[in-house]
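# Residue-level structural notes
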Amino acid sequence: MIYLRLFWEFFKTGLFAVGGGMATIPFLYDISDKTGWFTHTQLADMIAVGESTPGPIGVNMATYVGFTTAGIPGGIIATLGIVTPSVIIILIIARMLKQFRQNRYVDAAFYGLRPCSVALIAAAGVLVLKVSLLNIDLYAATKAIGDLFRWKCIALAAALLAATWLVPKIKKLHPIFLILASAAVGILFSFAGV
């Protein structure tokens, strides 16, 4: 039964997450809330790892969640669940490509999907910032405003933001170097446990 649930949850995610891998993040938060398979903090860690590994983030995260929930078969089934809608849609579109591309209604529908994609990606960004920079559980327990913020993470984010805006040479660096530098700082200062 867990395999069917994994497939179904990730099938829905793959079907409705229009706009790429980052658009799957709000759906993943919903899966976390509904199933308890992973926490929001674990999801933030998965996003960090998924962004720094090859492949689409949605597929990477589906594989990870499936694996941690139900082992290797779970990883395979969750991955199949998230890619199946895309494969079906692409096969249908490929079969009727000329008709679809020349249809003004289809063209208008794709135009309308653009704001939806932007909204999903923006929602994902807000959720990641919330998990990364705020410690809501600690604040709920202590009610101390100082406990609401993850000060080390805020300092790191501010330093990276300032460095990328103010130092022209950093702007020209390949993003992989920034990812590696952030990972090194996280390891060095134990940001993962914050």
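A brief structural summary. (Residues numbered from 1 in each chain as written. Predicted model: local features only at pLDDT ≥ 70, side-chain atom pairs only at ≥ 80, totals over all residues. Heavy atoms only, no water.)

## Here's the deal with helix H6 (residues 104-133)
The condition is simple: A helix here means a DSSP run of H or I that spans at least four residues, while a strand means a run of E at least two residues long, and both kinds are numbered starting from the N terminus. A helix's residues, less one, multiplied by 1.5 Å, set its expected span. Only protein chains enter the calculation, and the probe is 1.4 Å; a residue is then buried if its accessible area is under 20% of its type maximum, exposed if over 50%, and partly exposed in between.
Between its first and last C-alpha, H6 extends 44 Å over 30 residues, near the 44 Å set by a 1.5 Å rise per residue. Residues of H6 that are buried: Val106, Ser117, Leu120, Ala124 and Val131.

## Describing the packing of aromatic side chains
Inclusion rule: Each pair of aromatic rings taken from Phe, Tyr and Trp, with Trp reduced to its six-membered ring, is defined by centres within 6.5 Å and is described as stacked if the planes are under 30 degrees apart, edge-to-face if over 60, and tilted in the remaining cases.
With the rule as written, the count across this model stands at 3 aromatic pairs. Taken together, a centroid distance of 5.8 Å and an interplanar angle of 25 degrees make the contact between phenylalanine 7 and phenylalanine 11 stacked. Of the two residues, phenylalanine 7 and phenylalanine 11 both sit in helix H1 (residues 2-16), 4 residues apart, roughly one turn of that helix. Looking at phenylalanine 7, the relative accessible area reads 28%, which means it is partly exposed. A residue is classified by how much of its surface remains accessible, and phenylalanine 11, at 17% relative accessible area, is buried.

## As for the nonpolar core
Here is the rule: For the purposes of this section, nonpolar cores are sets of buried Ala, Val, Leu, Ile, Met, Phe, Trp, Tyr and Cys residues that join through side-chain atoms within 4.5 Å. Every residue pair with non-hydrogen atoms within 4.5 Å of one another is taken to be in contact.
Core analysis: the largest hydrophobic core is formed by 21 residues, its most contacted members being Phe10, Leu28, Trp37, Phe38, Leu43 and Met61. Sorting the residues of this core by element identifies H1, helix H2 (25-35), helix H3 (40-52), helix H4 (57-95) and H6 as the ones contributing at least two each. In terms of residues, this core owes the most to one element, H4, which gives 7 residues. Setting aside residues no more than four positions away along its own chain, leucine 43 makes contact with Ile25, Leu28, Tyr29, Phe38 and Met61.

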